[in-house]
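Structural overview
What follows is each chain in one-letter form.
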Amino acid sequence: MQEKLSKIVEPLLKWFETNKRELPWRSDRQPYHVWISEIMLQQTRIEAVKKYYENFMRELPDVESLSRIPEEQLLKLWEGLGYYSRAKNLKKAAAMIMQDHGGMFPNSYQELLKLPGVGEYTAGAIASICFNEKVTAVDGNVLRVISRITGSRKNVLLPETKKETDKLLRQIMPEKSGMFNEALMELGETVCLPNGIPECGSCPVRSECIAHKEELAAEIPVRIKKLKRKKQEKTIFLLISDNYKTAIEKRPANGLLSGMYQLPNTDGFCTNEEMKNILKEWQLTFTEISPLGEAKHAFTHIDWYMRGYLVKVKEENNRFLWVSPQELAKQYPLPTAFRIFVKTLYE
């Protein structure tokens with residue numbers, strides 16, 4: 001297998017040199033830029049990340065500025081990207097770099113692994129792209145590409161499959177390790193596609209690909225999920241006062257979406273009578289309750305099924321923080337799950 005895989009190295013490097021996309025974080029090989037982009041790209045599409053990356057760099061151009069930013073302001077910058085622990089770990093890692101490395105980015109795979117939020121893939125990407133260390137960077141794209149080339153039917157969601165892929169790639173890793181890792185990722189993102197039909201006609205290594213030869217691309221990679229997702233029903237209240245201010249509250253310091261703000265809500269789908277009782281408990285006098293529709297939001301291990309209601313209230317009380325549309329847009333980090341209902345009113 002090593003001999004077969006070694007044949008993809010040169011064609012892939014040549015293909016990447018002429019076909020790689022122009023992306024903001026590829027303008028140089030500064031580790032800070034690669035680090036931020038890689039963390040943003042976890043669970044997020046490239047096109048969605050571009051705007052966030054540019055805004056982030058404008059506000060936080062270096063490790064020092066990231067280490068000093070207040071968490072709430074950082075979460076506002078991250079608003080909409082989801083998986084907010086990523087942003088919190090960025091700040092923790094930046095503080096560690098300032099304290100333990102004098103502001104200089106760690107330049108080895110093993111040192112990078114010590115940073116909060118930096119796993120094997122991210123450490124491998126930074127170490128190879130920025131410091132040319134001969135290490136792998138195995139993500140979902142790479143697993144798909146290698147599975148198809150080798151015709152592997154092993155479950156790519158299992159840790160042992162990733163370890164085997166890592167071992168195979170280390171055996172063929174060229175001196176241009178960063179370019180090779182990027183080329184594999186690029187191939188997976190633009191040619192060896194995860195959904196639909198892969199663009200085999202544009203693939204520089206199709207002559208070595210078993211899935212292409214045997215028409216198995218639709219069956220490979222094998223992904224068998226064992227995790228049962230939890231479902232949770234929620235009633236979301238978009239409370240609007242006569243002053244056209246919206247009620248929000250801060251979520252607990254720990255757990256899902258910690259440190260973010262939320263619209264007032266309750267577990268379960270409420271009847272009209274139950275909503276009236278809740279509003280009474282909140283000491284709010286309402287003039288109107290109207291449905292905003294239903295929405296679903298998927299987290300890593302749980303799905304929220306939500307019903308939203310616009311509730312017009314006469315007064316603002318001290319139970320909630322009441323903010324203007326401008327303040328909500330610019331100052332307070334509100335997760336996408338709640339912004340879905342805010343958009344129905346403000347956008």
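Scope of this entry: the structure provided in the associated data block. (Residues numbered from 1 in each chain as written. Predicted model: local features only at pLDDT ≥ 70, side-chain atom pairs only at ≥ 80, totals over all residues. Heavy atoms only, no water.)

1. Quick notes on the overall build of the chain
In terms of regular secondary structure, the chain is built from 16 helices and seven strands. When its C-alpha atoms are laid out on the principal axes, the chain stretches across 75 × 50 × 30 Å. Counting all 347 residues of the chain, 49% fall into the buried class. Pairs at least 24 residues apart make up 70% of the contacts formed inside the chain by residues separated by at least 6 positions. In the form shown here, the chain has an accessible surface area of approximately 17,800 Å², with 47% of it arising from carbon and sulfur atoms. Taking the average place of the 51 positive charges on the side chains of the chain and the average place of its 45 negative ones, the gap between the two points comes to 3 Å. (Helix = DSSP H or I, 4+ residues; strand = E, 2+ residues; numbered from the N terminus. Buried < 20%, exposed > 50% of the residue type's maximum accessible area, 1.4 Å probe, protein only. Contact = heavy atoms within 4.5 Å. Areas by Shrake-Rupley, 256 points an atom, 1.4 Å probe, with all protein chains shown as cover. Lys, Arg positive; Asp, Glu negative; His and termini not counted. Charge placed at Lys NZ, Arg CZ, Asp CG, Glu CD.)

2. Digging into the pattern of salt bridges
Applying the stated rule across the entire model yields 19 salt bridges. In this structure, the salt-bridge partner of Glu175 is Lys134, at a minimum N-O distance of 3.4 Å. Note that Glu175 is positioned in the loop between α11 (159–172) and α12 (177–190) and Lys134 in the loop between α9 (120–131) and α10 (140–150), a separation of 41 residues in sequence. With a shortest N-O distance of 2.9 Å, Arg307 and Glu294 are connected by a salt bridge. One end of the pair, Arg307, is in strand β6 (residues 302–313); the other, Glu294, is in strand β5 (residues 286–298), and 13 residues separate them in sequence. Taking relative accessible area as the criterion, Glu294 reaches 60% and is therefore assigned exposed. (Salt bridge = Lys/Arg side-chain N within 4 Å of Asp/Glu carboxyl O.)

3. Observations regarding the packing of aromatic side chains
Overall, the coordinates contain 10 aromatic pairs when judged by the stated rule. With centroids separated by 4.9 Å and ring planes inclined at 70 degrees, the aromatic side chains of Phe299 and Trp304 adopt a geometry described as edge-to-face. You'll find Phe299 and Trp304 in the same group, each marked buried. An aromatic cluster is defined as three or more aromatic residues linked by ring pairs; in this entry it consists of Phe237, Trp282, Phe320 and Trp322. Taking the ring centre of Tyr52 as reference, the NZ or CZ of Lys51 above it sits at 5.6 Å. (Phe/Tyr/Trp six-rings, centres within 6.5 Å; stacked < 30°, edge-to-face > 60°. Lys NZ or Arg CZ within 6 Å of the ring centre and 35° of its normal.)

4. Some words on the layout of surface pockets
Taken as a whole, the second largest pocket spans an internal volume of roughly 500 Å³. The dominant element in the lining of the second largest pocket, judged by the number of residues it contributes, is helix α16 (residues 336–346), at three residues. Per-class residue counts for the lining of the second largest pocket are nine nonpolar, 11 polar and three charged. (1 Å grid on protein atoms, 1.4 Å probe; cavity = no way out; pocket = protein on both sides within 12 Å on 5 of 7 lines; lining within 4 Å. Points joined across faces, edges and corners; volume = space filled by probe spheres on them. Nonpolar A, V, L, I, M, F, W, Y, C, P; charged D, E, K, R; others polar.)

5. Focus: the pairing of strand β2 (residues 246–250)
Pairing of β2 with strand β7 (residues 321–323) involves three bridges; the strand directions are antiparallel. Counterpart to Ile248 in the pairing with β7 is Leu321. Across two bridges, the pairing between β2 and strand β3 (residues 261–262) is antiparallel. Paired with Lys250 across the strands is Tyr261, a residue of β3. (Pairing = 2+ DSSP bridges.)

6. Quick notes on empty space enclosed by the protein
Counted under the stated rule, the structure contains one cavity of 30 Å³ or more. Elements that contribute at least two residues to the lining of the largest cavity include exactly α10 and α13 (210–213). In terms of residue count, α10 provides more of the lining of the largest cavity than any other element does, three residues in total. Tallied by class, residues from the lining of the largest cavity come to 12 nonpolar, one polar and two charged.

7. Concerning helix α3 (residues 31–41)
Across the 11 residues of α3, 11 count as buried, placing the element largely inside the fold. Along α3, the positions that sit buried rather than exposed are Pro31, Tyr32, His33, Val34, Trp35, Ile36, Ser37, Glu38, Ile39, Met40 and Leu41. Within two residues after α3, Gln43 carries a phi angle of roughly 65 degrees, on the positive side.

8. A short note on the environment of Ala127
When you line up the elements, Ala127 lands in helix α9. With sequence-adjacent residues up to four places away left out, Ala127 is seen in contact with Tyr109, Leu112, Asn132, Glu133 and Val135.

9. Brief notes about the environment of Glu71
Of note, Glu71 is situated in helix α6 (residues 71–78). Expressed as a C-alpha distance, the spacing of Glu71 and Met260, which sit 189 residues apart in the sequence, is 9.7 Å. Apart from residues lying up to four places away in sequence, Glu71 is in contact with Lys88, Lys91 and Gly259.

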